[in-house]
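Coordinate inspection notes
Residue strings, one per chain:
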Amino acid sequence: MGNALRRYQERFEPTVTRILLLGIFGTGLTAQFVKPVGDALEGKAYLGGALLSLVGYVLYDTVKDLSTALRVPARGQVNSRELGLFVSEAFRARTVDIAFLGYTGETLYNELYHRLEGLLEDPGPTRNVTIRVLIPDFGQSMTVPSRVGAQGLPVDDPDFRKRLEAKCREFDETLYGIAERLTVRGRVTARCEYRLYPGIPRDKICVFNRALVLHGLYDVVARTVLSSASPEYYDPKGYRTDLNVWSQEGTEDARVAIAAWNKHLDDLWSLAAPPPWRGPGT
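Residues numbered from 1 in each chain as written. Predicted model: local features only at pLDDT ≥ 70, side-chain atom pairs only at ≥ 80, totals over all residues. Heavy atoms only, no water.

1. Considering unusual backbone geometry
The omega angle of the peptide bond from V144 to P145 is 0 degrees, so this bond is cis rather than trans. With respect to the secondary-structure elements, P145 resides in the loop between strand 3 (128–136) and strand 4 (146–148). The backbone of N209 sits at a positive phi, close to 50 degrees, despite the residue not being glycine. Note on placement: N209 falls in the loop between strand 7 (203–208) and strand 8 (212–217). Judged by relative accessible area, which is 24%, N209 ranks as partly exposed. The backbone of R210 sits at a positive phi, close to 60 degrees, despite the residue not being glycine. Residue position: R210 is located in the loop between strand 7 and strand 8. Accessibility expressed as a relative area gives 34% for R210, which makes it partly exposed. (Helix = DSSP H or I, 4+ residues; strand = E, 2+ residues; numbered from the N terminus. Buried < 20%, exposed > 50% of the residue type's maximum accessible area, 1.4 Å probe, protein only.)

2. Structural notes on the nonpolar core
In terms of nonpolar packing, the biggest core is built from 44 residues, with F91, I98, L116, V129, F208 and L214 touching the most fellow members. With eight residues, the top contributor of residues to this core is helix 6 (residues 158–185). Every residue in contact with I98, bar those within four places of it in the chain, is listed here: A90, F91, L108, L112, T130, I131, R132, V207 and F208. V207, W261, W269 and A272 belong to the second largest nonpolar core, which has 12 residues in total. (Core = buried A, V, L, I, M, F, W, Y, C linked by side-chain atoms within 4.5 Å. Contact = heavy atoms within 4.5 Å.)

3. With respect to the sheet that holds strand 2 (residues 95–101)
Read from one edge of the open sheet, seven strands run 1-11-8-7-2-3-6, paired in mixed fashion. In the strand order of this sheet, the two ends are held by strand 1 (77–79) and strand 6 (189–197), each with one partner. Mean inter-strand twist for the sheet, computed between neighbouring axes without regard to direction, equals 15 degrees. In the sheet, strand 3 pairs with strand 6 via nine bridges, with the strands oriented parallel. Across the sheet, L134 pairs through a bridge with R195, a residue of strand 6. Along the sheet face, helix 6 touches strand 3 and strand 6 and points at about 160 degrees away from the line of strand 6. (Pairing = 2+ DSSP bridges. Axes fitted to C-alpha atoms, helices over the stretch in contact; angles between N-to-C directions.)

4. Let's talk about the packing of helix 4 (residues 83–90) against helix 5 (residues 106–121)
At their nearest, the axes of helix 4 and helix 5 sit 9 Å apart, and the two run at 40 degrees to each other. Taken as a pair, helix 4 and helix 5 cross one another with a handedness that is right-handed. Contacts from L83, G84, V87 and S88 in helix 4 reach T107, L108, E111, L112 and R115 in helix 5. For the contact of helix 4 with helix 5, the residue count by class is four nonpolar, three polar and two charged. (Left-handed = near helix turned anticlockwise from the far one by under 90°. Nonpolar A, V, L, I, M, F, W, Y, C, P; charged D, E, K, R; others polar.)

5. Focus on the packing of aromatic side chains
Each aromatic ring pair is summarised here by two numbers: the centre-to-centre distance and the angle between the ring planes. Within this structure, the stated rule accounts for seven aromatic pairs. Among the aromatic side chains, those forming a connected cluster through ring pairs are Y103, F138 and Y218. If you follow R132 out to its NZ or CZ, it ends over the ring of W269, 5.7 Å from the centre. Residue placement shows R278 over the ring face of Y176; its charged tip is 4.3 Å from the ring centre. (Phe/Tyr/Trp six-rings, centres within 6.5 Å; stacked < 30°, edge-to-face > 60°. Lys NZ or Arg CZ within 6 Å of the ring centre and 35° of its normal.)

Have a look at this one:
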């Protein structure tokens, strides 16, 4: 209920505010030159108030955009648990473009799922959504993720890799399905796609609307135990990963870094293969 109310506020607040400001301007201007109206309102500084209201109307969008920009933390580093804030900000745009490279992408998936589901109810200003997710090729032998062997050496574990692949397949199919439903309805064009890159999950990269980049390094020796009877596995924990922040609102060096990250992910995407669960044309 709270999220729905916020979406309606974001949708209607600009229109209501503009109507109120123009109403104040019109009333003040009329009162200045139409004596009965002025007498009724018992005021004398109508023209000044009207002009101030007009200035407020003109500046409203600028102030609103500035306040929106300030909602993103002006920090050099954030935690992966804060991804929801950046996803929400990205979905305020008319054209949403989110790219991810990492492990399973579970932390990001949870945020994307709720935002896309919200578009089915109320798309707001959003009209185009593109989501690209690069995950490791779990069909290949890997040192991470893997089973912890003797003396801590990694031992490839096909069953554990299949378990992770099944999770990613579920994420992919769910987001793909919501994107199809959005596109069929016609108000929003959406595309969500997963592809595979070779190698271990070392970097975690999120790019939002090609204007803000988060980058961190997984703890590749983090361990997990699935049950009391199972062995230990090398299994990076994405939600614990700290992420460095680059924003277009930052320095010139930050803007150069963002351009480099965008090119890097675009190039990796062009080389990446579709997952085996995707049929031709999907």
